[in-house]
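# Geometric and topological summary
What follows is each chain in one-letter form.
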Amino acid sequence: MTRKFFTLTLLALTFLFACFGLYPRIRLEARNNNAAILADYREITALAKNSGLDVDEAIARLKSAGLTGLMVSELTADNVTHGVGHAEIKSAGDNPGSTEGTLIAIKPFSEHKDLLNEWLRLRFGVDDGKRGPILINMPANMLKNAGIIPDIDGLESAKKAGLKIYYRPAPSPGHLSDKAALMLRKVHEKYHIDVFTPSGEYVSGYPDVSALANTAKELNIPIAKVEFSRQVGEPQLNSAISPMILSLHSVTNEEMTSRRISRSELRDRMIRAAVERSVRLLLYRTAPMNTANFKFADYAQEVKSLADALKSHGFNLSWPETVFADSNLSHNVFSALSMSAVLVFCVYSYLVRMGMKPARNVAVIFAVSGVILAFLMLKVSVIARIAGAFTAPMITVEGALIAMDEAKNRRIIPAFLFIVTGGLALASFFSVTDFMMRMRTFSGVKLTLLLPPVLVLLHDLKNRIHPESMIEFLSRPPLWGEIMLYGALIGAIGFAVFRSDNVSNISGFETTLRVSLEHLLIARPRTREVLVGYPSLLLWGFLVRHGYFARYREIFRIGAVLGFSSVINSFCHFHTPMMLILLREFNGLWTGIIAGLAVVCVIKFMVIPLLKLIRPVIS
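Quantities reported herein were computed from a predicted structural model and do not represent experimental measurements.

So, on to the environment of E156. Secondary-structure assignment places E156 in helix 6 (residues 152-161). Put simply, E156 and D56 are 100 residues apart on the chain and 9.7 Å apart in space, counted from C-alpha to C-alpha. Excluding anything up to four places from it in sequence, E156 contacts H112 and Y191. Within polar-contact distance, the side chain of E156 engages the side chain of Y191 at 2.5 Å.

Moving on to helix 12 (residues 296-312). In a regular helix each residue adds 1.5 Å, so 17 residues correspond to 24 Å; helix 12 covers 24 Å between its end C-alpha atoms and thus fits that length. By the burial criterion, the buried members of helix 12 are F296, Y299, A300, E302, V303, L306, A307, A309 and L310. Those residues of helix 12 that are buried lie in contact with strand 1 (34-40), helix 2 (41-50), helix 3 (55-65), helix 11 (263-277), strand 11 (281-283) and strand 12 (316-317). G314 occupies a position one or two residues after helix 12 and carries a positive phi of about 90°.

The next subject is the pairing of strand 1. Among the 7 residues in strand 1, 7 count as buried, and that is most of the element. Both faces of strand 1 are covered, namely the face carrying N34, A36, L38 and D40 and the face carrying A35, I37 and A39. Here strand 1 runs beside strand 12; their pairing, made up of 2 bridges, is parallel. Paired with A35 across the strands is L317, a residue of strand 12. Note that strand 1 and strand 2 (residues 69-76) share 3 bridges and pair parallel. Considered in strand 2, the bridge of L38 is made with G69.

So, on to helix 5 (residues 113-124). Given 3.6 residues per turn, any residue in an α-helix points the same way as the ones three and four places further on. Here helix 5 contains 12 residues, and its C-alpha end-to-end distance of 16 Å stays within 8% of the 16 Å for a straight helix at 1.5 Å per residue. Here helix 5 has its buried residues at L116, N117, W119, L120, R121, R123 and F124. Elements in contact with the buried residues of helix 5: strand 2, strand 4 (102-106), strand 5 (134-136), strand 6 (147-150), helix 6 and helix 7 (179-191). Two residues or fewer past helix 5, G125 is found with a positive phi of approximately 65°.

With that settled, consider the environment of K130. For K130, the position within the fold is in the loop between helix 5 and strand 5. C-alpha of K130 to C-alpha of N117: the two residues are 13 residues apart in sequence and 8.4 Å apart in space.

Enumeration over the complete set of coordinates arrives at 15 aromatic pairs. Consider the rings of F430 and F435, whose centres lie 5.1 Å apart with planes at 80°: the pair is edge-to-face. For the pair shown, F430 and F435 are each scored as buried. Measuring from centroid to centroid gives 5.6 Å for F430 and F574, while their planes differ by 25°, and the two rings are stacked. Taken together, the residues span a long stretch of sequence, with F430 in helix 17 (residues 412-430) and F574 in the loop between helix 24 (554-571) and helix 25 (578-614) at a distance of 144 residues. Across this residue pair, the class does not change: F430 and F574 are buried. Three or more aromatic residues joined by ring pairs form one cluster here, namely F429, F430, F435, F442 and F574.

A few words now on the pattern of salt bridges. Any two side chains of opposite charge can pair, on the condition that their charged atoms come close. With the rule as written, the count across this model stands at 22 salt bridges. Here E227 makes a salt bridge to R277, at a shortest N to O gap of 2.7 Å. Here the residue E227 occupies a position in the loop between strand 9 (223-226) and helix 9 (234-241), and R277 occupies one in helix 11, the gap between them amounting to 50 residues. A relative accessible area of 7% places E227 in the buried class. Given the relative accessible area of 16%, R277 is considered buried. A single salt-bridge network, built from bridges that share partners, covers R353, E398, D405 and R411.

Right, let's talk about unusual backbone geometry for a bit. The omega torsion of the bond from Y206 to P207 falls at 15°, within 30 degrees of zero and hence cis. A cis amide bond, omega 10°, links S242 with the succeeding residue P243. Notably, S278 is not glycine yet its phi reads approximately 60°, a positive angle. When you line up the elements, S278 lands in the loop between helix 11 and strand 11. Positive phi, close to 60°, is recorded for R438, a residue that is not glycine. Along the chain, R438 falls in the loop between helix 18 (433-436) and helix 19 (445-462).

The rules behind each value
- Residues numbered from 1 in each chain as written.
- Predicted model: local features only at pLDDT ≥ 70, side-chain atom pairs only at ≥ 80, totals over all residues.
- Heavy atoms only, no water.
- Helix = DSSP H or I, 4+ residues; strand = E, 2+ residues; numbered from the N terminus.
- Contact = heavy atoms within 4.5 Å.
- Polar contact = N/O pair within 3.5 Å; in protein donor to acceptor, adjacent residues only side chain to side chain.
- Expected span 1.5 Å × (residues − 1).
- Buried < 20%, exposed > 50% of the residue type's maximum accessible area, 1.4 Å probe, protein only.
- Pairing = 2+ DSSP bridges.
- Phe/Tyr/Trp six-rings, centres within 6.5 Å; stacked < 30°, edge-to-face > 60°.
- Salt bridge = Lys/Arg side-chain N within 4 Å of Asp/Glu carboxyl O.

Following this line, the structure appears as structure tokens:
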């Protein structure tokens with residue numbers, strides 16, 4: 001059996017097993033095409049009043065524009081102090097002869113005073129059988145962020161309009177941590193909550209979030225997992241309620257103001273969240289502070305524009321399903337065999353490239369080791385995580401070395417197909433609920449940016465692809481050109497690691513470029529592939545063929561490795577639809593090759609002739 005035949009057979013089996021392993025995910029993604037636009041009830045109230053509109057009329061207009069649900073929050077003491085809702089609050093010390101504490105009462109002319117008095121007493125565990133004020137033995141400033149009563153106006157408006165309710169229970173004082181769960185039950189019995197997320201800096205009851213979790217599961221109320229949330233206790237609550245989870249994207253008023261996010265950028269972020277990250281609840285806020293030049297008509301038009309854009313991307317504007325509750329994905333034998341096969345192959349191939357003598361019974365060794373590793377991955381979660389963490393960088397290394405086996409760049413397509421096959425194998429194993437909902441973090445993303453450049457550099461020094469051996473390289477004084485180039489390389493790798501999964505550090509120019517590419521290509525190719533990876537690979541081939549810059553060519557091999565790292569990392573975004581990943585990588589391939597050819601032309605017809613005029617010999 002020739003090595004080429006064995007390799008092709010192994011990769012074909014890997015691809016086949018990966019497809020079997022990915023089938024449940026593909027099927028789930030195909031039916032997960034509902035998306036909902038939500039609005040904050042209190043923001044709509046302020047905007048409607050500023051525009052001279054009745055709140056219910058404004059909500060009806062937004063519903064016709066595409067609004068699916070309203071976010072209704074439990075009002076805190078801070079809200080009540082500022083006149084929001086049907087309660088009033090004051091210090092008990094203001095009354096002669098009274099003790100310290102806080103008096104909370106329902107306004108006497110409230111339409112819902114009986115229900116709210118009942119809820120107020122339930123919220124604070126007061127069982128006095130009365131309907132008047134209650135005394136809380138805590139100063140008002142300690143209750144500032146604590147929940148007082150549900151925003152019944154918002155609940156009523158959502159019910160009248162036939163909109164879904166996204167409810168936000170507020171934190172409770174420590175000794176009343178179970179009352180938030182009790183109020184969740186009471187509000188659900190009266191108004192039917194469709195999804196909820198606790199508000200505030202911490203989940204009520206943290207570190208024991210069982211009260212909210214158990215109530216939500218009993219009542220079958222999904223939780224909305226807010227993207228990029230830093231709320232204390234949120235991961236524990238999500239994990240306890242899983243798989244009854246819906247993902248939600250929101251941009252806070254503070255973020256819109258501090259980062260100067262325009263309304264068009266806000267709309268594009270919502271679309272990107274739905275298309276690229278499978279987010280199905282989109283909380284679309286009004287302009288911060290309801291600025292004077294922002295009217296209700298503007299917001300209604302924006303909601304309609306967002307709704308139309310979602311429809312154009314194939315979404316149905318209806319309430320999303322908790323698809324993982326019905327199809328809870330888990331590891332399967334095919335996916336384990338696929339990933340173990342590609343990991344064993346990559347490790348073996350690298351060792352052979354580094355001088356290990358090829359094994360005689362390689363097929364038997366692969367079969368036995370692949371099956372054993374697959375079995376361990378299925379049975380021991382730690383081994384599965386470690387194997388995944390090293391599979392991604394090893395696929396990158398092997399793919400990059402395949403592409404750079406010859407200087408004529410004839411192996412770009414085989415290398416690309418190898419990495420795609422490896423990416424499918426990796427994705428098939430980790431296409432499970434916890435990873436697809438981003439409740440667990442894949443361990444290999446950072447390692448895929450750090451390890452491949454090191455392994456490729458060691459390979460090149462060992463095999464004298466770089467004109468010096470490792471000993472020669474380390475024993476001589478460094479050249480200034482090398483210091484500058486490798487300093488730039490280390491900086492680029494560090495920046496790539498810092499930027500991975502860090503959406504808050506993207507420049508305005510790059511944001512504009514990304515949006516333009518998304519509009520043009522549907523699936524935007526990744527920046528490192530188009531501007532670094534493929535251009536570095538083509539430029540390296542050009543320099544080798546012409547014998548230029550022998551001491552400095554290694555920098556371009558490492559640049560190519562970073563590009564291939566980006567390719568494999570796309571498959572590690574398990575929340576991104578698989579078809580979008582494949583389209584993105586195809587777009588990255590052809591646009592990167594075009595960009596690389598342009599760079600080569602500039603070097604060949606402009607830079608090299610100019611340098612030859614300055615220095616007769618280029619080495």
